[in-house]
Amino acid sequence: MGNDNRRSSLRKATQAIHTGQLSPPVYGEVSVPIFQNATFSFPSAEEGAARFAEEHPGFIYTRMENPTVNALQDNVAALENGAYGLATATGMAAISTVFQALLENGAHVVATDALYGSTRVLLENEFARFGVSSTFVDTSNLDNLRKALRPDTRLVFIETPTNPTMRLTDLRTAADVAHQHGALLAVDNTFASPYLQRPLDLGADAVVHSLTKYINGHSDTLGGMIVVADNQLYLTMRRVLRLFGAVMDPHQAWLILRGVRTLPVRLDKAQQNAKQLAEFLRHHRNVTWVRYPGLADHPQHELAGKQMDGFGAMLCFGVRNGLEGGKIVLNNVQLITLAVSLGGVESLIEHPASMTHASVPRQERERAGILDELVRLSVGCEDIEDLKEDLDQALSKIT
Ligand SMILES: *Cc1c(COP(=O)(O)O)cnc(C)c1O
């Protein structure tokens with residue numbers, strides 16, 4: 001029950017809608033039903049034995065495989081141009097499964113310094129207990145990666161663009177560097193989504209997602225996914241996922257299948273809004289700077305154009321009066337919601353220095369570019385004029 005190769009020549013907006021249907025459908029249904037069962041009956045003892053021995057396809061138990069979950073796995077794997085997807089309970093479950101599968105006592109990881117906060121803590125505090133060591137560097141400069149690699153480095157783990165600083169890493173070169181050192185490359189592709197960036201095409205060995213964000217897109221459920229192209233890697237990760245048990249529930253898979261079908265439409269709209277807001281903010285008297293890969297003055301604007309199919313809908317900007325100015329903006333927006341998370345149809349605003357990245361020591365935070373004045377915006381699909389008016393009235397309260 002791998003992916004549906006007949007669909008692989010279709011374009012992304014079509015794949016998002018059509019890949020991962022049941023074939024054949026049970027009753028001619030147009031959307032995938034929820035198979036909300038824990039277990040599946042066998043027609044005979046012999047058939048049960050053949051399924052356990054993997055001689056016959058067929059379902060056994062939902063921790064191992066479920067039709068609704070399979071449909072989502074096929075869909076996201078196709079969007080990533082991968083061969084196999086493994087759905088997980090959350091994005092963190094996808095990331096921890098990759099670490100559990102690829103690392104052992106004595107292994108070393110090199111990761112992007114401005115990693116998703118919980119991923120960094122997972123490596124530094126939890127995997128360290130099992131004898132895994134990690135080094136965090138600014139991978140937007142690949143010399144930092146080259147210097148950090150050691151003979152015991154098993155895995156390079158990259159996020160691009162980074163959260164919240166919007167720095168990019170050149171994935172094709174990073175994959176070459178990792179492979180020359182005998183390490184694998186895994187990429188957290190949550191920020192860009194497979195609609196805009198496909199790391200496996202650029203040489204990565206594994207992609208992970210928090211489906212909670214763009215792929216589901218409605219801020220109403222959690223979920224995660226691992227996508228790989230290599231069969232051996234898939235079998236290793238699948239074994240580990242089934243044993244450690246952080247799998248996805250069928251109802252969750254069904255909700256996310258509903259969301260992913262509009263991923264391209266939502267992102268087209270959101271990134272069009274983001275581009276216009278970036279321009280608007282750049283000219284606002286109370287904004288000191290704007291960081292968006294689609295602006296010509298972004299230090300990696302050219303790399304973004306090469307590596308991504310669009311500039312995304314995340315941006316950050318600095319406000320006058322630092323921390324105080326940031327608080328005024330957050331406390332005065334009326335339409336835009338003050339909340340962490342990202343990638344939903346509604347616009348969300350947050351202040352990393354006091355919220356998502358507050359646990360990072362100040363000095364390290366500032367070295368990573370997470371300044372007190374930095375405000376992060378996940379741009380949604382609302383009417384652009386309403387977004388501009390809301391930001392304008394909130395920014396104007398800074399005196
Ligand atoms: C949200 C997020 C995660 C974690 O995902 P959960 O679904 O919350 O477990 C991991 N990486 C990135 C980049 C994220 O934005």
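The structure displayed is predicted, hence computed values, not measured ones.

Student: Looking at this structure, I do not really get the state of the cysteines. What am I missing?
Tutor: Simply put, the disulfide is a covalent bond whose two ends are the sulfur atoms of two cysteines. For the coordinates displayed, the defined rule picks out 0 disulfides. Considering cysteine sulfurs only, Cys381 is the nearest to Cys316, which forms no disulfide, with 20 Å between them.

Student: For this particular structure, what's the right way to read the sheet that holds strand β7 (residues 224-228)?
Tutor: The pairing of strands in a sheet happens through backbone hydrogen bonds and is either parallel or antiparallel. The strand order across the open sheet built from 7 strands is β1-β7-β6-β5-β4-β2-β3, with neighbouring strands paired in mixed fashion. The open sheet terminates on both sides in strands that have one partner only, identified here as β1 (84-88) and β3 (133-137). Between one strand and the next, the sheet's axes are offset by a mean angle of 20°, whatever the strand orientation. Both strand β5 (residues 184-188) and strand β6 (residues 206-210) contribute to a ladder of 3 bridges, which runs parallel. Among the inter-strand pairings, Val187 is bridged to a residue of β6, identified as Val207.

Student: Mind showing me how you'd approach the domain arrangement of the protein here?
Tutor: For interface size, the figure often reported is the accessible area lost on association. What the domain assignment lists for the protein is domain 1 (5-260) and domain 2 (263-395). Taking only C-alpha atoms, the centre of domain 1 and the centre of domain 2 are 27 Å apart. The interface is formed by 35 residues belonging to domain 1 together with 37 residues belonging to domain 2. Carbon and sulfur atoms make up 59% of the area that domain 1 and domain 2 hide from each other, which totals about 3100 Å². For domain 1, the biggest contributors to the area lost against domain 2 are Leu168, Leu196 and Tyr214; these three give 25% of the whole. A salt bridge links Arg120 to Glu364; the nearest nitrogen and oxygen atoms lie 2.9 Å apart.

Student: Please explain the site of the ligand as it appears in this structure.
Tutor: The immediate surroundings of the ligand are formed by 13 residues, with Met92, Asp188, Ser210, Thr212 and Lys213 found nearest. Note that an oxygen atom of the ligand is positioned 2.9 Å from one of the backbone N or O atoms of Gly91. Asp188 places a side-chain nitrogen or oxygen 2.7 Å from a nitrogen atom of the ligand. Taking 380 Å² as the accessible area of the ligand by itself, protein coverage stands at 92%.

Definitions and limits used
Residues numbered from 1 in each chain as written. Predicted model: local features only at pLDDT ≥ 70, side-chain atom pairs only at ≥ 80, totals over all residues. Heavy atoms only, no water. Disulfide = S-S within 2.5 Å. Pairing = 2+ DSSP bridges. Helix = DSSP H or I, 4+ residues; strand = E, 2+ residues; numbered from the N terminus. Axes fitted to C-alpha atoms, helices over the stretch in contact; angles between N-to-C directions. Domains from an automatic or database assignment. Contact = heavy atoms within 4.5 Å. Buried area = accessible area lost by both parts, 1.4 Å probe. Salt bridge = Lys/Arg side-chain N within 4 Å of Asp/Glu carboxyl O. Near = heavy atom within 4 Å. Polar contact = N/O pair within 3.5 Å; in protein donor to acceptor, adjacent residues only side chain to side chain. Areas by Shrake-Rupley, 256 points an atom, 1.4 Å probe, with all protein chains shown as cover.

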